[in-house]
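Residue-level listing of the chains:
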Amino acid sequence: MAMAVVSAPGKVNLTLDILGRRPDGYHEMEMLMHAVSLENTVRLIKRQEPGIRLSCSNPAVPTGEKNLAYQAAQAFFKAFGREWGVEIQVEKRVPMEAGMAGGSADAAGVLAGLNALAGHPFSAQELCQIGLPLGADLPFCLLGGAGLVRGIGESIIPLPPLKKGWLVIAKPDQGIKTGSCFAAYDALDTVRHPQTAQALRAFCQGDLPALGVLLENVLEQAVSLPEIQELRRQMCQNGALGSRMTGSGTAVFGLFAEKKPALRCARQLYQRGGSVFLVRPADYGPRVLSLC
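As the structure is a computational prediction, the values presented were derived from the model and not from experiment.

Cut-offs applied
Residue numbers run consecutively from 1 along every chain, following the written order of its sequence. The predicted nature of this model means local features are confined to residues of pLDDT at least 70 and side-chain atom pairs, given and counted, to a pLDDT of 80 or more, with totals for whole chains, interfaces and linings taken over all residues. To get the side-chain values, take all heavy atoms of the structure and skip hydrogens and water. Strands are runs of DSSP state E lasting at least two residues, helices are runs of H or I lasting at least four, and both sets are numbered from the N terminus onward. Whether two residues touch is decided by their heavy atoms; if any such pair falls within 4.5 Å, the residues are in contact. Only protein atoms enter the 1 Å grid used here. Points where a 1.4 Å probe fits but cannot escape make up a cavity, open sets with protein on both sides within 12 Å along at least five of seven lines make up a pocket, and a residue lines them when an atom lies within 4 Å of a point. Grid points are joined across faces, edges and corners, and a volume is the space filled by probe spheres set on the points. Amino acids outside the nonpolar list (Ala, Val, Leu, Ile, Met, Phe, Trp, Tyr, Cys, Pro) and the charged list (Asp, Glu, Lys, Arg) are all regarded as polar, and Gly is one of them. Here's how the labels work: a residue is buried when its accessible area is under 20% of the maximum for its type, exposed when over 50%, partly exposed in between, all with a 1.4 Å probe on protein chains only. We count a salt bridge whenever a side-chain nitrogen from Lys or Arg sits within 4 Å of a carboxyl oxygen from Asp or Glu. By this definition, two strands are paired if DSSP reports at least two bridges between them. Orientation is described by axes fitted as lines to C-alpha atoms, over the contacting stretch for helices, and by angles from 0 to 180 degrees between their N-to-C directions. For Phe, Tyr and Trp, rings pair up if their centres lie within 6.5 Å, where Trp contributes its six-membered ring, and each pair is then called stacked (planes under 30 degrees apart), edge-to-face (over 60) or tilted (otherwise). Throughout this description, the term charge over a ring refers to an Arg CZ or Lys NZ atom that lies within 6 Å of the ring centre and within 35 degrees of the ring normal.

Here Ala72 lies in helix H1 (residues 68–80). As a C-alpha pair, Ala72 and Leu111 span 39 residues in sequence and 6.3 Å in three-dimensional space. Beyond its immediate sequence surroundings of up to four residues, Ala72 is in contact with Ala107, Val110, Leu111 and Leu134.

And the structure:
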């Protein structure tokens, strides 16, 4: 019985800007994104019985056709031209409704794992084309590392990943749906936009203090959850170079130059409740850990 085990990292948005609305209703984005070492594990097991079976360690996650991992398997088999029975087991670590692309990470893990089981018929770019209709974050999750992402997620300029730094990520108990967040953004009268070019320059120079000052997310301005600003305040008081909400929220991350203050901050935030993680910037996307 063939099996692939894949580790699929989540991401944070160091900057997130919305440039406007497209005629098709989607938002035109510009985002500086980085994969992080907070990863879900996806196991794919070939089965003699036809069909896709999906299970998840988090009982709140739907396991039917509404799940992105399930849809990714369907999309892969359609592109591949033939289908086999597969059992997908997802072990969740990236929190839900956090803005960290946990669902897209699962789907990326499925595409990478099925591609490995099939003998790698598709290149990374071809997998991105297969995955894009399923979600805007999926192409980046497949490539991993760091990138400047534009359009609806289809345009990715790879960047040299950060070699230094630590991230503290805190997820409040309350989440928010992506659609609700974008609707609230569309209702704003005025918006403070990121200085993306300056942030990109600081990022490429590895200047973490300058990058910390330039962290920005326009969607944060649309989320009226006081805990987000409180988390940001506590992170900065504990030595973060900067702190922002990632994606459509509600996870908040703080950027640290050194591990010691990051660890101290994580310990203090853990006492408040919710989910707290100490992670590194990751220079990879989905990794096939075993194939047999």
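Right, picking up where we left off after that structure.
Roughly 1300 Å³ of volume is contained in the largest pocket. Every residue lining the largest pocket is counted, 43 residues in all, and those nearest its centre are Leu68, Ser104, Gly135, Asp137 and Thr178. Of all the elements, helix H2 (residues 102–117) adds the most residues to the lining of the largest pocket, at four residues. Classifying every residue of the lining of the largest pocket gives 21 nonpolar, 15 polar and seven charged.

Further remarks concern the environment of Val86. With respect to the helices and strands, Val86 occurs in strand E4 (residues 85–91). Val86 sits in the buried class, given a relative accessible area of 0%. Counting along the chain gives 42 residues from Val86 to Leu44, while the straight-line C-alpha distance between them is 6.5 Å. Aside from chain neighbours lying at most four places away, what touches Val86 is Leu44, Ile45, Arg47, Gly51, Ile52, Arg53, Phe77 and Leu114.

Let's shift gears to the pattern of salt bridges. If charged atoms from side chains of opposite charge come close, those side chains can pair. Evaluation of the coordinates by the stated rule reveals 15 salt bridges. For the salt bridge of Arg47 with Glu49, the shortest nitrogen-to-oxygen distance reads 3.5 Å. One salt bridge in this structure joins Asp106 and Lys92, with 2.7 Å as the shortest N-O distance. You can see Asp106 sitting in helix H2 and its partner Lys92 sitting in the loop between E4 and H2, a full 14 residues away along the chain.

Because side chains alternate across strand E9 (residues 242–245), one face comprises the buried residues Gly242 and Arg244, and the other comprises Ser243 and Met245, equally buried. Alignment of E9 against strand E10 (residues 252–256), held across four bridges, turns out to be antiparallel. Counted as the bridge partner of Gly242 is Leu255 from E10. Between E9 and the antiparallel strand that follows it, E10, lie six residues; Gly247 among them carries a positive phi value of about 55°.

Moving on, we get to the sheet that holds E9. An order of E9-E10-E7-E11 is seen for the four strands of this open sheet, with the pairing classed as antiparallel. Here the strands that pair on one side only, and so sit at the sheet edges, are E9 and strand E11 (275–279). The mean angle between the axes of side-by-side strands here comes to 15°, regardless of whether they run parallel or antiparallel. This element, helix H8 (residues 226–237), spans strand E7 (166–171), E9 and E10 of the sheet and lies at about 15° to E10. Contacting E7, E10 and E11, helix H9 (residues 259–270) runs over the sheet at an angle of about 10° to E7.

It is worth spelling out the pairing of strand E6 (residues 155–159) at this point. Relative to E6, strand E5 (residues 146–151) runs antiparallel, the two sharing five bridges. Considered in E6, the bridge of Gly147 is made with Pro158. Hairpin connection between E5 and E6: a loop of three residues separates the two successive antiparallel strands, and Gly153 in this loop has a positive phi of roughly 115°.

Turning to unusual backbone geometry, a few remarks are in order. Look at the link from Gly249 to Thr250: it is a cis peptide, with omega at 15°. Locating Thr250 in the fold gives a position in the loop between E9 and E10. Its identity as a non-glycine residue notwithstanding, Ala101 has a phi of 60°, on the positive side. Residue classification places Ala101 among the buried positions, given a relative accessible area of 10%. A positive phi angle, near 60°, is found at His120, a position not held by glycine. Locating His120 in the fold gives a position in the loop between H2 and helix H3 (124–131). For His120, a relative accessible area of 54% gives the class exposed.

Let us now look at the packing of aromatic side chains. In the structure shown here, the tally under the stated rule is five aromatic pairs. Taking 6.0 Å as the distance between ring centres and 75° as the angle between the ring planes, the aromatic pair formed by Phe76 and Phe77 counts as edge-to-face. Classification of Phe76 as buried rests on a relative accessible area of 0%. Relative to Phe122, the ring of Phe76 lies with its centre 5.5 Å away and its plane at 85°, an arrangement referred to as edge-to-face. Residue Phe76 is found in helix H1, and its partner Phe122 is found in the loop between H2 and H3; the two are separated by 46 residues along the sequence. Residue Phe122 is classed as buried on the basis of its relative accessible area of 17%. Following the ring pairs from residue to residue traces out a cluster consisting of Phe76, Phe77, Phe80, Trp84 and Phe122. Across the ring face of Trp84, the terminal group of Lys46 is positioned such that the distance to the ring centre comes to 4.3 Å. The ring of Tyr284 has Arg287 lying over it, and the distance from NZ or CZ to the ring centre is 3.9 Å.

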